[in-house]
Amino acid sequence: VEYNVIVLAAGQGKRMNAGKNKQFIELLDEPLIIHTLKRFIQDSWCQHIYLVINPTEHQQMQQLLANYLWNNQVTLVEGGKERQESGYKGLLAVKSEEQERIIMIHDGARPFVNEEHLHALAQAATQKKAALLAVPVTDTIKRKNGDNVETVDRSTLWAAQTPQAFQYDLIKKAHENAISANFLGTDDVSLVEVLNEPVEIVEGTYHNVKLTTPEDIMRAEMILNRQEEK
Ligand code: CTP
Ligand code: MG
C-alpha cells in the first residue's frame with residue numbers, strides 16, 4: 001500500500017528546554033528530525049514526505065536536508081501556531097493527484113516507528129479510512145473529583161501515538177469541521193472521532209515514544225545504540 005506522510009516539526013519544543021526547537025537536537029550525531037525522516041525514506045511504501053516546519057527555520061531545515069539526506073522526496077511546508085494548524089497546512093500542500101493515496105500524519109519528535117507498524121497502519125487505513133498506532137495503558141489510572149478518587153477500568157484504555165493514517169478526503173473534512181466548530185484536538189484522529197466515523201487501532205510498541213522532556217533524550221540514545229548493535 002503506497003502512502004504519503006506529513007511530518008510535523010513546526011513546534012518550539014518548550015518542554016525540552018534545549019534553547020532551540022527539539023527537532024535539531026543531535027542523537028548519536030544526527031539531528032532528531034533526520035532520524036525520523038529516515039524511517040520513512042527507508043520504507044519503500046512511502047512515496048512522498050511533507051515536512052511541516054517553523055517559517056523562521058526554513059533555511060536551517062533546508063540546509064539540514066542537504067547535509068544529511070540525498071533524496072528529493074521531501075517537500076517543505078510552513079506550519080502554524082498550533083499542532084493542529086500545522087497538520088492542516090500539511091494537508092493543503094498535498095497535490096490533487098496525490099490525494100488518492102493514504103495520508104499519514106506523524107510527529108517529527110517520534111523517531112522510533114518501525115516499518116512493520118507503518119505497513120500495518122497503511123493497510124488498516126485502506127480498510128477503515130482512519131487508523132492510529134496505540135499501546136495499551138500500563139499505568140493504573142485514577143480519576144479525582146474533589147476528595148473522591150476512583151480507579152478507572154484500564155482494560156479499554158489505549159495511549160495514542162503517531163503515525164495516524166487516513167483516507168485524504170476524510171481527514172481534510174475532519175480538519176475543516178474542527179475549524180468551523182472551533183475545536184482543538186490533541187491529535188488528528190480525535191477530529192475524525194467527533195464526526196462519528198469508525199477508527200481502527202493498530203497495536204504498536206512502547207518504543208515509539210515522543211521525545212518531550214530532557215529525560216527522553218537519554219532513553220532515546222539508549223534505544224538507538226541498541227538498534228545499531230543489531
Ligand atoms: N508541532 C508542529 N506545529 C506546532 C506545534 C507542534 O508541527 N505549532 C509538532 C512538533 O514539532 C512535534 C509534534 O508536533 O514534532 C508534537 O508536538 P510536541 O511534542 O508538543 O512538540 P512541541 O510543540 O515542539 O513541544 P512543546 O509543546 O514542549 O513546546
Ligand atoms: Mg507542543
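Just so you know, these numbers come straight off a predicted model, no measurement behind them.

Before we move on, could you go through the sheet that holds strand β7 (residues 130-136) and cite the residues and values that matter?
With mixed pairing, the 7 strands of this open sheet are ordered in space as β5-β4-β1-β6-β10-β7-β11. In this open sheet, the two strands that pair with only one neighbour each are β5 (74-78) and β11 (200-203). Averaged over neighbouring strand pairs, the angle between their axes works out to 30° when direction is ignored. Of the pairings in the sheet, the one linking β7 to strand β10 (residues 158-166) comprises 6 bridges and is antiparallel in character. Considered in β10, the bridge of P136 is made with W158.

Describe the site of ligand 1, with residues and values.
As a structural note, the neighbourhood of ligand 1 is formed by 19 residues, with L8, G13, K14, S86 and K210 the closest of them. Residue L8 places a main-chain N or O atom 2.8 Å away from an oxygen atom belonging to ligand 1. K22 has a polar side-chain atom sitting 2.9 Å from an oxygen atom of ligand 1. Judged by its atoms lying within 2 Å of the grid points, ligand 1 is housed in the largest pocket.

Got a sec to walk through the nonpolar core? Specific residues and values, please.
Y3, I33, L37, F40, I49, L51 and M61 are the most contacted members of the largest nonpolar core, which totals 32 residues. Only β1 (3-8), α1 (32-41), β4 (46-53), α2 (58-68), β5, β6 (102-107), α4 (115-128) and β7 provide two or more residues apiece to this core. If we skip the residues at most four places from it in the chain, I49 touches V5, V7, L37, F40, I41, Q73, V74 and T75. Grouped together as the second largest cluster of nonpolar side chains are 23 residues, L8, A10, L132 and V189 included.

Outline empty space enclosed by the protein, listing residues and values.
Taken as a whole and assessed by the stated rule, the structure comprises 1 cavity of 30 Å³ or more. Approximately 40 Å³ is the volume found for the largest cavity. Lining the largest cavity we find F112, V113, N114, H117, L133, G204, T205 and N208. Across the lining of the largest cavity, the residue classes break down as 3 nonpolar, 5 polar and no charged.

I'd like a description of the environment of Q12, backed by residues and values.
By secondary structure assignment, the location of Q12 is in the loop between β1 and β2 (26-27). Of the residues examined, Q12 reaches a relative accessible area of 52% and is grouped as exposed. Remark: the alpha-carbon pair of Q12 and F183, spanning 171 residues in sequence, is separated by 22 Å. Apart from the residues lying within four places of it in its own chain, the contact partners of Q12 are K20, N21 and K22.

Tell me about the layout of surface pockets, and name the residues and values.
Any empty space left between atoms is shown by rolling a water-sized probe over those atoms. There is about 830 Å³ of room inside the largest pocket. Around the largest pocket, the lining comprises 34 residues; the ones closest to its centre are G11, R15, R83, D107 and K210. Looking at the lining of the largest pocket, the elements that each hand over two or more residues are α3 (83-92) and β10. Each residue belonging to the lining of the largest pocket can be placed in one class, and the counts come to 8 nonpolar, 15 polar and 11 charged. Of the volumes computed, that of the second largest pocket is approximately 290 Å³. Around the second largest pocket sit 15 residues that line it, and V135, A159, Q161, Y206 and V209 are the ones nearest its centre. At the level of elements, β7 and β10 are the ones that each hand at least two residues to the lining of the second largest pocket. Broken down by element, the lining of the second largest pocket gets its largest block of residues, 3 residues, from β10. Class assignment for the residues of the lining of the second largest pocket results in 7 nonpolar, 4 polar and 4 charged.

I'd love a proper account of the packing of aromatic side chains, names of residues and values included.
Tallied over the entire structure, the rule returns 1 aromatic pair. Plain terms: the ring middles of Y3 and F40 are 6.5 Å apart, the flat faces sit at 75° to each other, and that makes the pair edge-to-face. Placement of the pair is Y3 in strand β1 and F40 in helix α1, with a sequence separation of 37 residues. F40 shares its class with Y3; the two are buried.

Rules behind the numbers
- Residues numbered from 1 in each chain as written.
- Chains lettered and ligands numbered in written order.
- Predicted model: local features only at pLDDT ≥ 70, side-chain atom pairs only at ≥ 80, totals over all residues.
- Heavy atoms only, no water.
- Pairing = 2+ DSSP bridges.
- Helix = DSSP H or I, 4+ residues; strand = E, 2+ residues; numbered from the N terminus.
- Axes fitted to C-alpha atoms, helices over the stretch in contact; angles between N-to-C directions.
- Near = heavy atom within 4 Å.
- Polar contact = N/O pair within 3.5 Å; in protein donor to acceptor, adjacent residues only side chain to side chain.
- 1 Å grid on protein atoms, 1.4 Å probe; cavity = no way out; pocket = protein on both sides within 12 Å on 5 of 7 lines; lining within 4 Å.
- Sits in = over half its atoms within 2 Å of the grid points.
- Core = buried A, V, L, I, M, F, W, Y, C linked by side-chain atoms within 4.5 Å.
- Buried < 20%, exposed > 50% of the residue type's maximum accessible area, 1.4 Å probe, protein only.
- Contact = heavy atoms within 4.5 Å.
- Points joined across faces, edges and corners; volume = space filled by probe spheres on them.
- Nonpolar A, V, L, I, M, F, W, Y, C, P; charged D, E, K, R; others polar.
- Phe/Tyr/Trp six-rings, centres within 6.5 Å; stacked < 30°, edge-to-face > 60°.

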